[in-house]
Each structure stands twice: as C-alpha cells, then as structure tokens.
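Structural overview
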Amino acid sequence: MTSPLDFDILQPYGCFIGSAAVMVFGDKDKARDMALNVMHFFEHESCGQCTPCRVGTSKAAKLMQSKSCDQDTLEDLATVMVDASICGLGQAAPNPIRCIAKYFPEEVA
C-alpha cells in the first residue's frame, strides 16, 4: 500500500512533515545517533539571534552525547525552546529529542 507524502499524513503518529526531509537508516544504526546528528545540524544552522535556540541546541547536543541522557533536563530544555524560540528552527529543534524519547526509549535510558 502506498500513501502520498503530504502535510497531514503523519499527524496520526504525532509527527509532521516539516521541510519534507526524509532520513533513511538501517537496522544497525542507532536512532539516538541520528537524532544527535540532526541536533548538530540545528546547532550549526541557528542564526544565533535568540538564546533558546542558540544555547538550547548546543546544550541539547551536549546532553545527548553523554552516556546516559538526562531525559528530564532534555524535556525541560525542549519545552523552553518550543515556547521561547523566535523562529521555526528553534521550535522544531526539540523534535528529535522527543521522538527518540517516545519511540526509542531503550536508547536513552
């Protein structure tokens, strides 16, 4: 069965299409590593204008690199970034954090 890739197709899964980027990874890849890679991308792409995005993406990447992620701190950081970032980049940056915690909790325990 095929489905069109449009803006509403992922809503039942608690996701959204965003910029329509698709990441493909194999069964040997770790979702946590993929999320960290995306966080580094957001950190690099931040314009630096607002603190929640500029500092939040960097802090999130550091927290995600530690051997055991502090999920409570990451979730607090994600909430601040979503609520206080000026643009969509800072508001979307926490999505990988939240997706990993929700769908791959064994990788962040």
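Here's a quick rundown of the structure. (Residues numbered from 1 in each chain as written. Predicted model: local features only at pLDDT ≥ 70, side-chain atom pairs only at ≥ 80, totals over all residues. Heavy atoms only, no water.)

**A closer look at the overall build of the protein**
When its secondary structure is counted, the protein shows five helices and zero strands. In sequence order, the secondary structure elements of the protein are arranged as α-α-α-α-α. In summary, the protein has a C-alpha radius of gyration of 14 Å against a globular reference of 13 Å for 109 residues, a match within 12%. By its C-alpha atoms, the protein is 45 × 30 × 20 Å across when sized along the principal axes. Sorting the 109 residues of the protein into buried and exposed places 31% on the buried side. In the protein, the proportion of contacts linking residues at least 24 apart, taken out of those at least 6 apart, comes to 52%. Total accessible area computed for the protein in this model is approximately 7200 Å², and 58% of it derives from carbon and sulfur atoms. On the protein, the mean spot of the 9 positive side-chain charges and the mean spot of the 14 negative ones are 7 Å from each other. (Helix = DSSP H or I, 4+ residues; strand = E, 2+ residues; numbered from the N terminus. Rg over C-alpha atoms; globule rule 2.2 N^0.38 Å. Buried < 20%, exposed > 50% of the residue type's maximum accessible area, 1.4 Å probe, protein only. Contact = heavy atoms within 4.5 Å. Areas by Shrake-Rupley, 256 points an atom, 1.4 Å probe, with all protein chains shown as cover. Lys, Arg positive; Asp, Glu negative; His and termini not counted. Charge placed at Lys NZ, Arg CZ, Asp CG, Glu CD.)

**Some thoughts on empty space enclosed by the protein**
In this approach a probe as big as a water molecule rolls over the atoms, and the regions it shows empty are the leftover space. Tallying each qualifying case throughout the model produces one cavity of 30 Å³ or more. Approximately 50 Å³ is the volume found for the largest cavity. Around the largest cavity sit Arg32, Met64, Cys69, Gln71, Leu74, Pro96, Ile97, Ile100 and Val108, which together line it. Of all the secondary-structure elements, those providing two or more residues to the lining of the largest cavity are α3 (71-84) and α5 (95-103). (1 Å grid on protein atoms, 1.4 Å probe; cavity = no way out; pocket = protein on both sides within 12 Å on 5 of 7 lines; lining within 4 Å. Points joined across faces, edges and corners; volume = space filled by probe spheres on them.)

**Quick look at the packing of aromatic side chains**
The description of an aromatic ring pair rests on the distance of the ring centres and on the angle between the ring planes. Going through the model one piece at a time under the given rule, you end up with one aromatic pair. On the basis of an interplanar angle of 55 degrees and a centroid distance of 5.8 Å, the ring pair of Phe41 and Phe42 is categorised as tilted. We classify Phe41 as partly exposed; its relative accessible area is 47%. (Phe/Tyr/Trp six-rings, centres within 6.5 Å; stacked < 30°, edge-to-face > 60°.)

**Thoughts on the nonpolar core**
The nonpolar side chains of a soluble globular protein tend to be buried, and buried together. Ranked by internal contacts, the top residues of the largest apolar core, which has 18 residues, are Met39, Ala60, Met64, Leu74, Leu77, Ile97 and Ile100. Among the elements of the structure, α1 (31-45), α2 (51-65), α3 and α5 are those that each provide at least two residues to this core. It is α1 that contributes the most residues to this core, six residues altogether. Setting aside its immediate chain neighbours within four residues, Ala60 contacts Met39, Leu74, Leu77 and Ile97. (Core = buried A, V, L, I, M, F, W, Y, C linked by side-chain atoms within 4.5 Å.)

**Some remarks on the environment of Ile17**
The topology assignment puts Ile17 in the segment before α1. Judged by its relative accessible area of 13%, Ile17 is buried. Sequence separation of Ile17 and Asp6 is 11 residues, and the distance between their C-alpha atoms is 7.2 Å. Setting aside residues up to four positions removed in sequence, Ile17 forms contacts with Leu5, Asp6, Phe7 and Leu10.

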